[in-house]
Each structure stands twice: as structure tokens, then as C-alpha cells.
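Listed below are the residues making up each chain.
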Amino acid sequence: MLADSIAFVLLVIGLIFNALGVIGLLRFPDVYTRLHASTKATTFGSIFLCLGVVVYAIAHYFWTSDSQYLMVIVHTIIAVFALAVTNAAGSHAIARAAHKSGQMPEPSVVDRLSEAGL
Amino acid sequence: MIGMFMTAALATVVIAFGALVRLILGPTNPDRVVAVDTINTLTVAVLILLSVLYEQFIFIDVAIVYALLSFVSTLYIAKHIGGEL
């Protein structure tokens, strides 16, 4: 069962990256580093979990040639696309809002966003 | 093969509880928004895993709508924290 092994490896990679993202969220000192850790690692891990589902659906489509597995593949890819786009834009909005609410990272020496007057 | 998805879904839920700790402890409001965003991403992943686990493929459409709506809510909370709303 090659598909089993590939899906298992993809799911393990996804779980490891999700766990690393949440560990970073718990351990890092301020909001920007927490955002940096959690958003990127969690997006990457969720993409790999969805790829495991896609591999499972491809294997079942070849075994049973049932057209609902084709629907699973297409909709999972749409979900991955929506997740990637919305996480990137949302984390940008959160970082900008944190800057506007007056939070600064502790050893910061320069603030280009305030200098630009945006 | 199904047990693998069961284990992955359970482990993702446990990971989401780790983000819930940051949501409760978080010293400032932007920290809590980051934790909510992380929990939303993990919820989408859990929904897609559960759709394969229970053979209910409508859950994937629910996951797409959940991702887009959680994006809108994150944007509104960020606008509120930034003082633009």
C-alpha cells in the first residue's frame, strides 16, 4: 500500500509543523514573534494535512473510480487555496493592528512604518 | 487507513487546546487574536480530516465557508484593535 505510506508521512509532517507552530505561540515573548511562529507554521502544517487527504482520495478514486472522490480532491484543493490566501492577509492585518495599538517588540531600535506616516 | 485520520484529528484537537492556553493567558488583545486565528486554521484542518473519517464529504464545503468567514472576523477584530472602527 504505497498510498497509505505517503498519506501517513504527509499527515505526520503536518502534525509536526502544527505542533511547532503552537509551541512557538506559547513560548515566544511578544505578539510579533508569536504571529511569525504560529501563522506560517500552522498554515504549512494544515496544507500538509490536506495533502494527506488528497492522496487518500486519489488512491480511492483509482480503486473504486467513484466520482465523489474526484469532488473531494477538487474541494480540498479549493480549501487549501482559501486557507493560504486568508491566513497571509489576516496575519498582515493583525500585525498592522498590533503596531497601531502601540505594541513594540522589546529590543527594537527603528520604526519604519511610523516614519513613513502610514 | 481510517485510524490514521482519527489519530491525526485527535492530535490536531490537542494542539488546538495548546492555542487555547494562549487565548486565556494572553497578556494583550493582539495575542488573543493571534490565538483565535491559529485555532480557526486548525479547525479547518480538523473538519477536512473528519470529512474523510466519517465519509461525509459535505464537511469540506463547510471548511471552505468556515475559512472565509473566520478571515472576515479576523479582519474586523484587527480593525477594532487598530482603532479604525
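Residues numbered from 1 in each chain as written. Chains lettered and ligands numbered in written order. Predicted model: local features only at pLDDT ≥ 70, side-chain atom pairs only at ≥ 80, totals over all residues.

1. A word on the overall build of chain A
The cut-off we apply is this: We count a stretch as a helix when DSSP gives it H or I for four or more residues in a row; a strand needs E for two or more, and each element gets its number in order from the N terminus. For this measure, only C-alpha atoms enter the radius of gyration; the expected value for a globule follows 2.2 Å times N^0.38, where N is the number of residues. Buried residues are those with 20 or more other C-beta atoms within 10 Å of their own C-beta, exposed residues have 12 or fewer, and partly exposed residues lie in between; C-beta atoms are placed from the backbone.
When its secondary structure is counted, chain A shows 4 helices and 0 strands. For chain A, the succession of helices and strands along the chain, N to C, is α-α-α-α. Against the compact-globule benchmark of 13 Å for 118 residues, chain A has a radius of gyration of 19 Å, which places it well outside the compact range. For chain A, with 118 residues in total, the buried portion stands at 40%.

2. Focus: the overall build of chain B
In terms of regular secondary structure, chain B is built from 3 helices and 0 strands. Traced from its N-terminal end to its C-terminal end, chain B shows the element sequence α-α-α. Expressed along its principal axes, the backbone C-alpha trace of chain B runs to roughly 50 × 25 × 10 Å. For chain B, with 85 residues in total, the buried portion stands at 44%.

3. Some points on the confidence of the model for chain A
Filter applied, for reference: What pLDDT expresses is the predictor's confidence in each residue, scored from 0 to 100.
For chain A, the average pLDDT comes to 90, and 99% of its residues sit at 70 or higher. When pLDDT is averaged over each helix and strand of chain A, the minimum, 82, is found for helix α4 (residues 112-115) of chain A and the maximum, 93, for helix α1 (residues 2-27) of chain A.

4. Some words on the nonpolar core
Note the following rule: To count as a nonpolar core, a set of buried Ala, Val, Leu, Ile, Met, Phe, Trp, Tyr and Cys residues must be joined through C-beta atoms within 7 Å. Contacts here follow a simple rule: the backbone-placed C-beta atoms of the two residues must lie within 7 Å.
Counting 55 residues, the largest nonpolar core has Leu49, Cys50, Ala79 and Ile94 of chain A together with Ala45, Ile48 and Leu49 of chain B as the members making the most contacts within it. For this core, the elements supplying multiple residues, two or more each, are α1, α2 (31-64) and α3 (67-100) of chain A together with α1 (2-25), α2 (29-54) and α3 (58-81) of chain B. Once you skip the residues sitting within four places of it in the chain, Leu49 of chain A turns out to touch Leu11 and Gly14 of chain A together with Ala8, Ala45, Ile48 and Leu49 of chain B.

5. So, the environment of Leu83 of chain A
Tracing the chain through its elements places Leu83 of chain A in helix α3. Note: C-alpha distance between Leu83 of chain A and Val110 of chain A (27 residues apart in sequence) is 32 Å. Residues within four places of Leu83 of chain A in sequence aside, it is in contact with Thr43 and Ser46 of chain A together with Thr41, Val44 and Ala67 of chain B.

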